[in-house]
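Chain by chain, the residues:
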Amino acid sequence: MNARAELPFDTCIQEALSQSRGWMGQWVRELAATLTQREASELAPHTKRAAGQARAALAACADRLADRWSDAFAQAVRADIARNGNALSQPSAPKALSLDELELMDHRQVQASVELARLQQIVKSAVDEEQIALTALLCAARGLSKVRSEANPLRPEVVVDALTTALDGLNVDDASRQRWLQAGAQSLGQILLRTYALLVQRLQSQGIEPAGFVVVPVVSARPSPGGVATRGETAVATGGPQGEQPLVLTLDQLHHLLVGNLAQGGTAVSDHGSSGSGNAMVRTLAAEVVTLMLRGIAEDQRLLAPIREMVQQLKPALLHLAKTDPRFFADRHNPARRLLDVIIARSLAFASEQDEGFAAFALQVHLSVQSLQTLSNSLSERIAERVHQLESLDTADQAPAMQTLVRAEQRHLLAERIACEIRERADFARAPTLVKRFLLGPWAHAVAHARLHADELGHTPMLADQSLPPEAPAQRYMDILGDLLWSCQLAQASQNRARLIRVIPQVLRTLREGLDAIDFPRGQAESFFQALMGLHEAAYKTQRSDDFLAAVQRGIVDGPLEPWLADGEARESGFIDTQPMEPAFLDTQPMEREPELGEALSVGAWVELQQEGRMQRCQLRWLSPHRTMFLFATAEGQPVSLTRRGLDRLIASGRLRVVAEHGVVDEALAQVARLAWVNSGRLA
């Protein structure tokens, strides 16, 4: 994104933010008029009184609401820009409500979510055409060639979220708040529509041409009574037997299914199971959720077509299971849920049907699916057996690699403490930058390695404030710092050549010993030693080259320390060194810190990693306790490890791409919850 493209975007956003308080003032005035009109038209005393209370509450907090709204909207817009600004080249799906979150909600929270869905639906419907035009122009202003909805930080979802945040900060009863949102939904949509139209005109007047639209094939779905589908959303839930009316799944129904408090009998909904037994409503809802979940999996292009087809063949077994265990999909430990997770998670290891190992894996899945086609009372036991067989395919032992990385992290954390000790020395500040960087990087790791080794031998606890025997390597490595730092200060060292001649051999010998102990690369070590001996020679001969002195002072000292792995540790853990531990010690500067895009990556995520000229898929199997080391495994079970900064570098350079941040089944179920949420807003 270039500077010329950024300016119109920034101007547009600033204009919207500056006008936002005026929007709220206008909305409050229109809402007050609507409430007054409703209060006058109400005949029932209790509804008239409730409308009057809502109007009075609005008048009492109008100014506070405007202030809170302005702040909340500005924060929401800036957060949305920051969240989407680092990944504009990668489309992201809207955040969906998970089943875990829904299950923990009480009835009041569910109803609040339904009211929020209704508000969003009304506002989105009011601004649909102008929103499309504004989004296309904002995408172009951000340097995008194709339209992406999340590139518009002024979209209705952001506006509505900011409004609810502002309302949350007010001491207003739920009934009044609900009446505000119900009565003010239409006016909020009209205010936003006029704002969008004005911003579109401003951008067009600046010569901005709209970005192009990506043509996406539309997946047909049977029409839904009471719901109208919009772009990218299907407002129906189908899954009943042929000839029966499909159910429109709502958030309230899904919540009741999860918490298990549906009324017995279910005469209002047809019985999808054997007639006369059990809870027909529960079975009906469970069948709808299973069908929608499988549809989401079938449409997930991250999975290879043969796997998607075989998962669909499990539908009869899953529907049969839903009759007796209707909430199995929400229980991660349930054998049927585990079966889906195991099949799909393992299949993400393959990007092509020609990948090594895919044919054997697909055969095992095929055998498992075929064995479950016979429906009987023993289905659950047979599913559990198949889960065990499929899980046994992954026999790779990651324990040695984990242990190696745990040691590396322990050494790294201790090295950070040692670097602080070194930095606090009085003579450290006067040292050349070259020496500072060496001491805070490689040498801190060498001392940490020696201290850990001494602790493993039982010589001393691993504490910085406890002394070691003078002959202990860790103690000698710290003892030479005084002579090393003195010898690098040309003004002082040149006045005592006898001491300089006496200490240099011992300093160099100890430095080489420490670097050899951690297998520090010889080439980088020699680069440092050459520069160090140049300093010593300049002090001895009192010859000071301005160019040389400038070179040893070049660079940034306080960069973040990265974990260090010796050659043997790197081989055992499949370590990928994305950057040398220290760059060349002259005429270079450390790489600037990249955005930490791997912050939210969790165990189980699948990535595509470019290594040695080829792409391969790996699954994140383990995170070190302090999130400094990441351990992945390839489809063949080979370990691949990265440091935290190494992971961020690969993402920033395009050599690592997240394929699935969460479980595919989790995402499919989250889309079911979102569909129920959308349906609730349309039917409310």
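The structure this text deals with has already been given above.
What you see is a predicted model, and the numbers here were worked out from it, not measured in a lab.

Conventions we followed
Residues numbered from 1 in each chain as written. Predicted model: local features only at pLDDT ≥ 70, side-chain atom pairs only at ≥ 80, totals over all residues. Heavy atoms only, no water. Helix = DSSP H or I, 4+ residues; strand = E, 2+ residues; numbered from the N terminus. Buried < 20%, exposed > 50% of the residue type's maximum accessible area, 1.4 Å probe, protein only. Contact = heavy atoms within 4.5 Å. Areas by Shrake-Rupley, 256 points an atom, 1.4 Å probe, with all protein chains shown as cover. Pairing = 2+ DSSP bridges. Core = buried A, V, L, I, M, F, W, Y, C linked by side-chain atoms within 4.5 Å. Phe/Tyr/Trp six-rings, centres within 6.5 Å; stacked < 30°, edge-to-face > 60°. Lys NZ or Arg CZ within 6 Å of the ring centre and 35° of its normal.

Novice: Just give me the short version of the overall build of the chain, but keep the residues and values in it.
Specialist: Helix and strand counts for the chain stand at 25 helices and five strands. Evaluated residue by residue, the chain yields a buried proportion of 49% over its 684 residues. Here the analysis covers contacts within the chain between residues at least 6 apart in sequence; of these, 74% occur between residues at least 24 apart. Of the accessible surface of the chain, which amounts to about 32400 Å², a share of 51% is contributed by carbon and sulfur atoms.

Novice: With reference to specific residues and values, describe the pairing of strand β4 (residues 639-643).
Specialist: Along a regular strand, successive side chains alternate from one face of the sheet to the other. In terms of residue burial, β4 counts as a mostly covered element, since five of its five residues are buried. The sheet contact formed by strand β3 (residues 629-634) and β4 spans five bridges and is antiparallel. For phenylalanine 630, the partnering residue across the bridge sits in β4 and is leucine 642.

Novice: How would you explain the nonpolar core if you had to name every residue and give the values?
Specialist: Counting 128 residues, the largest nonpolar core has Trp180 and Phe329 as the members making the most contacts within it. It is helix α5 (residues 107-141) that contributes the most residues to this core, 15 residues altogether. Not counting residues within four places of it along the chain, the set of residues in contact with phenylalanine 329 comprises Leu99, Leu257, Leu258, Ala286, Val289, Val290, Met293, Arg337 and Leu669. Membership of the second largest hydrophobic core comes to 48 residues, among which are Ala446, Leu500, Ala525 and Ala539.

Novice: Tell me about unusual backbone geometry, and name the residues and values.
Specialist: In this structure, aspartate 519 takes a positive phi of about 55° despite not being glycine. Relative to the helices and strands, aspartate 519 resides in the loop between α20 (497-517) and α21 (522-541). On the accessibility criterion, aspartate 519 (35% relative accessible area) is partly exposed.

Novice: Give me the packing of aromatic side chains: which residues, what numbers.
Specialist: The final tally for this structure, using the stated rule, is 10 aromatic pairs. The interplanar angle of 55° and the centroid separation of 5.1 Å between the aromatic rings of tryptophan 443 and tyrosine 477 together place this pair among those described as tilted. Here tryptophan 443, found in helix α16 (residues 433-456), pairs with tyrosine 477, found in helix α17 (residues 473-479); they are 34 residues apart in sequence, far enough to count as distant. For the pair formed by tryptophan 443 and tyrosine 477, the shared burial category is buried. Counting every residue linked through ring pairs, the aromatic cluster contains Phe438, Trp443, Tyr477, Phe528 and Phe529. The side chain of arginine 499 reaches across the aromatic face of tryptophan 486, ending 4.0 Å from its centre. Here the guanidinium or amino end of arginine 512 rests over the ring plane of phenylalanine 529, the centre of that ring lying 4.1 Å away.

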